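Understanding the architecture of this molecule
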Amino acid sequence: MTAQDTLPRSYEIRTYGCQMNVHDSERLSGLLEQAGYVRAPEGADGADVVVFNTCAVRENADNRLYGNLGQLVPKKAAHPGMQIAVGGCLAQKDRDTIVKRAPWVDVVFGTHNIGQLPVLLERARIADEAQVEIVESLETFPSTLPSRRESAYAAWVAISVGCNNTCTFCIVPALRGKEKDRRPGDVLAEVEALVAEGVIEVTLLGQNVNAYGSDIGDREAFSKLLRATGGVEGLERVRFTSPHPRDFTDDVIAAMAQTPNVMHQLHMPLQSGSDRVLKAMRRSYRQDRYLGIIENVRAAMPDAAITTDIIVGFPGETEEDFEQTLHVVREARFAQAFTFQYSKRPGTPAAEMDGQIPKAVVQERYERLVALQEKISWAENKKHVGRTLEVLVAEGEGRKDDATRRLSGRAPDNRLVHFERPAETVRPGDMVTVEVTYAAPHHLLAENPPLGVRRTRAGDAWERRNAAPAPQPAGVMLGLPTIGAPALAASAAVADGCAC
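As the structure is a computational prediction, the values presented were derived from the model and not from experiment.

On to the sheet that holds strand β17 (residues 416-420). Taken in spatial order, the 7 strands line up as β19-β20-β17-β16-β15-β18-β21 in an open sheet, and their pairing is mixed. A strand with exactly one partner marks an edge of an open sheet, and here the two such strands are β19 (438-440) and β21 (452-454). Averaged over neighbouring strand pairs, the angle between their axes works out to 35° when direction is ignored. Inspection of the sheet shows β17 paired to strand β20 (residues 443-446) by 3 bridges, in the parallel sense. When the bridges of β20 are listed, V417 appears paired with L444. Together, β19 and β20 form the strand contacts of helix α15 (residues 359-382), whose direction differs from that of β19 by roughly 165°.

Any two side chains of opposite charge can pair, so long as their charged atoms come close to each other. In this structure the tally under the stated criterion is 32 salt bridges. Of the charged contacts in the structure, one is a salt bridge between R95 and E136, with a shortest N-O distance of 2.6 Å. Linking R95 in the loop between α5 (89-94) and α6 (96-101) with E136 in the loop between β6 (131-133) and β7 (154-158), this pair joins segments that are 41 residues apart in sequence. Residue class for E136 comes out exposed when judged on its relative accessible area of 54%.

A few words now on the pairing of strand β15 (residues 388-393). Across 5 bridges, β15 lies against strand β18 (residues 431-435) in antiparallel orientation. The residue of β18 that forms the bridge with L392 is M431. Taken together, the 2 bridges between β15 and strand β16 (residues 406-410) define a ladder with antiparallel strand orientation. The residue of β16 that forms the bridge with L392 is R410.

Glancing now at the packing of helix α9 (residues 184-197) against helix α10 (residues 221-230). A packed helix pair is summarised by two numbers, namely the angle formed by the two axes and the spacing between the axes. Viewed as axis vectors pointing N to C, α9 and α10 meet at an angle of 30°, and their least axial separation amounts to 10 Å. It follows that α9 is roughly parallel to α10 by the angle criterion. As for the relative orientation of α9 and α10, their crossing is right-handed in sense. For the pair α9 and α10, contact is made by P184, V187, L188 and V191 and by L225, A228 and T229, respectively. In terms of residue class, the contact of α9 with α10 is built from 6 nonpolar, 1 polar and no charged.

So, on to the side chain of H267. Checked against the element boundaries, H267 lands in strand β12 (residues 265-267). Of the polar contacts made by the side chain of H267, one reaches the side chain of T307; its length is 2.6 Å. Only 3.0 Å separates the side chain of H267 from the side chain of D309, close enough to count as a polar contact.

Most of strand β13 (residues 305-312) sits out of view: 8 of its 8 residues are buried. With burial as the criterion, each face of β13 is covered, one bearing A305, T307, D309 and I311 and the other bearing I306, T308, I310 and V312. Inspection of the sheet shows β12 paired to β13 by 3 bridges, in the parallel sense. Residue pairing across strands places Q265 opposite A305, the latter belonging to β13. Where β13 lies against strand β14 (residues 336-341), 6 bridges are found, and the strand directions are parallel. Within β14, the position partnered with D309 by the bridge is F338.

So, on to the nonpolar core. If you look at the biggest cluster of nonpolar residues, it comprises 91 residues, and the most contacted ones within it are L226 and F248. Here L226 is in contact with L204, V238, F240, V252, A255, M256, T259 and V262, once residues within four sequence places are set aside.

Looking at the second largest pocket, its volume works out to about 420 Å³. Every residue lining the second largest pocket is counted, 22 residues in all, and those nearest its centre are D303, H384, R387, D413 and R415. If one sorts the elements of the lining of the second largest pocket by residue count, β15 sits on top with 3 residues. Residues of the lining of the second largest pocket, tallied by class, amount to 10 nonpolar, 3 polar and 9 charged.

Note on placement: E420 falls in strand β17. For E420, a relative accessible area of 23% puts it in the partly exposed group. As a C-alpha pair, E420 and N448 span 28 residues in sequence and 6.4 Å in three-dimensional space. Leaving out residues up to four positions away in the same chain, E420 has contacts with R406, A446, E447, N448 and P450. At 3.1 Å, the side chain of E420 and the side chain of R406 are in polar contact.

The residue after T241, namely S242, is reached through a cis peptide bond having omega -15°. Within the secondary structure layout, S242 lies in the loop between β11 (237-241) and α11 (250-258). Despite not being glycine, Q271 shows a phi value in the positive range, around 75°. Its location among the elements puts Q271 in the loop between β12 and α12 (275-281).

Attention now moves to the sheet that holds β7. The 3 strands lie next to each other as β7-β10-β11, forming an open sheet whose pairing is parallel. Each end of this open sheet is capped by a strand with a single partner; those strands are β7 and β11. Adjacent strand axes in the sheet meet at a mean angle of 25°, parallel and antiparallel pairs treated alike. Of the strand pairs in this sheet, strand β10 (residues 201-205) and β11 are connected by 5 bridges, and their pairing is parallel. Residue V202 lies in a different strand from β11, and its bridge partner there is V238.

We now examine the packing of aromatic side chains. Taken as a whole and judged by the stated rule, the model has 4 aromatic pairs. Ring centres 6.2 Å apart and planes at 35° place the aromatic pair Y285 and Y290 in the tilted group. Centre to centre, the rings of Y290 and F334 are 6.3 Å apart; their planes meet at 65°, and the pair counts as edge-to-face. Here the residue Y290 occupies a position in helix α13 (residues 287-300), and F334 occupies one in the loop between α14 (319-332) and β14, the gap between them amounting to 44 residues. The pair Y290 / F334 is uniform in exposure class, with both members buried. These aromatic residues form a ring-pair network of at least three members: Y285, Y290 and F334.

Scoring rules and cut-offs
- Residues numbered from 1 in each chain as written.
- Predicted model: local features only at pLDDT ≥ 70, side-chain atom pairs only at ≥ 80, totals over all residues.
- Heavy atoms only, no water.
- Pairing = 2+ DSSP bridges.
- Helix = DSSP H or I, 4+ residues; strand = E, 2+ residues; numbered from the N terminus.
- Axes fitted to C-alpha atoms, helices over the stretch in contact; angles between N-to-C directions.
- Contact = heavy atoms within 4.5 Å.
- Salt bridge = Lys/Arg side-chain N within 4 Å of Asp/Glu carboxyl O.
- Buried < 20%, exposed > 50% of the residue type's maximum accessible area, 1.4 Å probe, protein only.
- Parallel < 35°, antiparallel > 145°, perpendicular 65-115°, else oblique.
- Left-handed = near helix turned anticlockwise from the far one by under 90°.
- Nonpolar A, V, L, I, M, F, W, Y, C, P; charged D, E, K, R; others polar.
- Polar contact = N/O pair within 3.5 Å; in protein donor to acceptor, adjacent residues only side chain to side chain.
- Core = buried A, V, L, I, M, F, W, Y, C linked by side-chain atoms within 4.5 Å.
- 1 Å grid on protein atoms, 1.4 Å probe; cavity = no way out; pocket = protein on both sides within 12 Å on 5 of 7 lines; lining within 4 Å.
- Points joined across faces, edges and corners; volume = space filled by probe spheres on them.
- Phe/Tyr/Trp six-rings, centres within 6.5 Å; stacked < 30°, edge-to-face > 60°.

In structure tokens:
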């Protein structure tokens, strides 16, 4: 036996898609580390196990997966014992097709049995053949599995999985299954445990988060959960994503407005402003209902920052339909809109609809929408100049922080803020009070020295984690989608998620 044989096997997880996939990857990391694997150093080449946690939403998702798998063929040939696993929504959909197209893959598992990954890897190693295991319903709620949290100060907390909606552009319900809710006591126990570890911000997560309670027949279960979560001592910020307009009721607005640590920030997917297109999408609300929600939210919380998702070029969309979307954008004055050009989702009804829009038309409409939203985002951000904000210092949010000698973080309404470094040491998870001096469409800037620094338990937790002997890789950013509009190249990555 060589020294190499006695070392623990390393792993790398590559995540694609929505927040649910990111959270699942935390569970996969926890499972592998519980089984004795160690995380490969960031940027290292040649992990013993490479796991692809996939998304099936985009039209070209499979092509991208097989391209990435193909790049590993020579690495696997040069690395005896290396294993490749494919999980997530695309694995749930394609099943045996994956090992037929990529016979060098060792394990295929689905969305309902992520807890089986270590066992499947061991079976594949012993049998020296691929292991494909897909189940049709949830075996274990993901939050009961071990987790390697990627942040010391912010955390996802899944309150439900699956979705009962039947949107014609979305394949996720077919792959994630019907909605299943966790017991409120289990959710609160997880939140309390996270806070005890130093976390000060949690994001309640669900495919259709505000439909929570459908399993138990309580239409006000989500607002009750918001209030209860807000009552956890030591928890400073509560967020949630993503709600559906159909289930967004006045009791939820009241809970947001009346619970001090529930942030006045809301991601409310629109998809289209046209009633005719919404009907074709099988969305169960119309323009008036949507704008009514926005009006009610602003009446209760005038400072609320509202973001959204919009699909441009859905089959059959006319210029008049598109103008209705622009009308809603002007009326709602979103802090940010995540805009996606429609692309066929294999296996969805919309992919077979008549009236598929030419690419050039979709592109032209998309550019008009982006230009309008850019103008609105900038105007809304300018309202913050001169205001004082308490910013939660984040890790990895400011790509130019080293060059500009600044730090970055999130305001209570989730706007991205870049600010001057204080004279004293500041850690991710600490709170810094700043005065906004400049606004760009996608961020705020505080160019003067900070007004104050508040060291937190979360900063202490970050410090403890990074003081460990083994270097820790940079964390995955958690929370709601960022306020800043992604660059065009990055938009496709964001669009891999399911926006309900």
